[in-house]
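Residue-level listing of the chains:
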Amino acid sequence: MKKYLSLACVALCATTAFSQQALWGDTPLASPQINSDNTVTFRVKAPKAKTVKVTGDFLPETVVDIPNYGKVAAPGQADLVEKDGVWEYTTPQALSSEYYCYNVVIDGQKTIDPSNVYINRDVATITNYFIISNDKGDKGDLYKINDVPHGTIRKMWYDSPSLGMQRRLTIYTPAGYETSGKKYPVFYLLHGSGGDEEAWYTQGRISQILDNLIAAGKAVPMIVVMTNGNAYEQATCGESPAGFQQPQMVMGGVKEGMKEAAFELSFPDVRKFVEKNFRTINDKNHRAIAGLSMGSFHSEHISKYYAGEYGYVGLFSGSSVGDGRRGDGKASTSPVYKDFDKQMANLFSAKNKPALYFVAIGKTDFLKKGNDEFLAYMDAHKYPYEYLETEGGHIWRNWRIYFTEFSQKIFK
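In short, a report on the structure. (Residues numbered from 1 in each chain as written. Predicted model: local features only at pLDDT ≥ 70, side-chain atom pairs only at ≥ 80, totals over all residues. Heavy atoms only, no water.)

### A few points about the overall build of the protein
Scanning the protein from terminus to terminus reveals eleven helices and 20 strands. Across the 412 residues in the protein, those meeting the buried criterion constitute 49%. Across the protein, every contact between residues at least 6 apart in sequence was considered, and the portion connecting residues at least 24 apart equals 72%. In the structure as shown, the protein presents an accessible area of about 20,200 Å², 53% of it carried by carbon and sulfur atoms. (Helix = DSSP H or I, 4+ residues; strand = E, 2+ residues; numbered from the N terminus. Buried < 20%, exposed > 50% of the residue type's maximum accessible area, 1.4 Å probe, protein only. Contact = heavy atoms within 4.5 Å. Areas by Shrake-Rupley, 256 points an atom, 1.4 Å probe, with all protein chains shown as cover.)

Take a look at the structure:
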């Protein structure tokens, strides 16, 4: 018996030591280290590596050729220099106030910085991030958590009879919502291809942006509803009965053209849930809809199909004119896309015209040509819109800017 008790004690001690090893592990290197002059130093311990690089959006862009898309801007790379098994690189110039993403590349294998616990996921890509702040109210200050009143993020399930399933969405309510008793305007915010109901919250930093803008009096307190635009799934990967499937740009339903119209036609299910469960102001002048890329496509078609229901429309990095043609080049038979000209004319009629129709895109965005064609269509029909063009391409850095600009213009 003593022998068995001894073995059990050894096993228990080993298990306890293993479960707590993270508490007393090796001290990580300081990486990234934001220096006093806002240069940044990266360090990686890799004594057996032959090459170590860092790649991120703080480096000059390079151009890569992507099948089916052509030449696309991509983050550049910089070499780390090795000394005593530790590789190091310091940016030659100070970085401006911004939210930056990066990876390290060890012997050609891209991975995360093991010393930086702050990571995010964009589709199937995991990156580290850091924020440069200058305390002057610039972008980095807007994207970080400051000492201001904070809103609440809720992850909730709603019934979608149109799609025949329970689905999840993410909802931001502004500071004071729980006790104010007031009703609020609603901003429906849609993600891009490969994204989900968490994309704008994690990558877009919308709760930090709105907390800071509202506290500064630059934005109206509002509810923001972040949907999952993938009509074939209930929720983001790993957060639904589908289990831990691998995220992809186009998941399930590929042969069905991503079921764009199915999501758009089911959108009243979202509205019904939100307006039943939250204190909302239910009229055109207190509803906004916007999205990036695929979400821009959704926002364009939802706003015209349900003309007169959204007073503010935002198209971020989008490209769409016409009948909803998707991957196979065939025209959709959905009523959402039929009679495009007629639906657009109805949207911009005196009765239904949005207070703001906002279009934004980067100069090197791979959808820029299609976006220009859409603007030419708008101009030809004399439909009013506001346009913002920024540096860079199809990237979160731009989408955060577009969200920031748009959210300050709505409900006023």
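Now that the structure has been shown, the text picks up again.
### Overview of the sheet that holds strand E2 (residues 40–45)
Taken in spatial order, the four strands line up as E1-E2-E8-E7 in an open sheet, and their pairing is antiparallel. This sheet does not close on itself; its edge strands, each paired only once, are strand E1 (33–34) and strand E7 (81–83). (Pairing = 2+ DSSP bridges.)

### Thoughts on the packing of aromatic side chains
Enumeration according to the criterion identifies 31 aromatic pairs in this entry. Summarising the aromatic geometry, the rings of Tyr158 and Phe273 are spaced 6.0 Å apart at their centres and angled 45° between planes, so their arrangement reads as tilted. Here Tyr158 is found in strand E13 (residues 152–160), whereas its partner Phe273 is found in helix H7 (residues 267–277), with 115 residues between them in sequence. Side by side, Tyr158 and Phe273 carry an identical accessibility label, which is buried. Through pairs of rings, three or more aromatic residues link up here, namely Phe187, Trp200, Phe316, Phe358, Trp396, Trp399, Tyr402, Phe403 and Phe406. (Phe/Tyr/Trp six-rings, centres within 6.5 Å; stacked < 30°, edge-to-face > 60°.)

### A word on the side chain of Thr173
Of note, Thr173 is situated in strand E14 (residues 165–173). At 2.5 Å, the side chain of Thr173 forms a polar contact with the side chain of Arg154. When neighbours within four sequence positions are excluded, Thr173 is seen to be in contact with Gly151, Thr152, Arg154, Glu178, Ile223 and Phe278. (Polar contact = N/O pair within 3.5 Å; in protein donor to acceptor, adjacent residues only side chain to side chain.)

### Here we look at the nonpolar core
One broad rule of soluble globular proteins: the nonpolar side chains tend to lie buried together. If you look at the biggest cluster of nonpolar residues, it comprises 37 residues, and the most contacted ones within it are Tyr188, Val225, Phe267, Val274, Met344 and Tyr357. Every element with two or more residues in this core is listed here: E14, strand E15 (186–190), strand E16 (223–226), H7, strand E18 (312–316), helix H9 (340–347), strand E19 (356–362) and helix H10 (368–380). Every residue in contact with Tyr188, bar those within four places of it in the chain, is listed here: Val225, Phe267, Val270, Arg271, Val274, Glu275, Ala288, Ile289, Ala290 and Tyr310. (Core = buried A, V, L, I, M, F, W, Y, C linked by side-chain atoms within 4.5 Å.)

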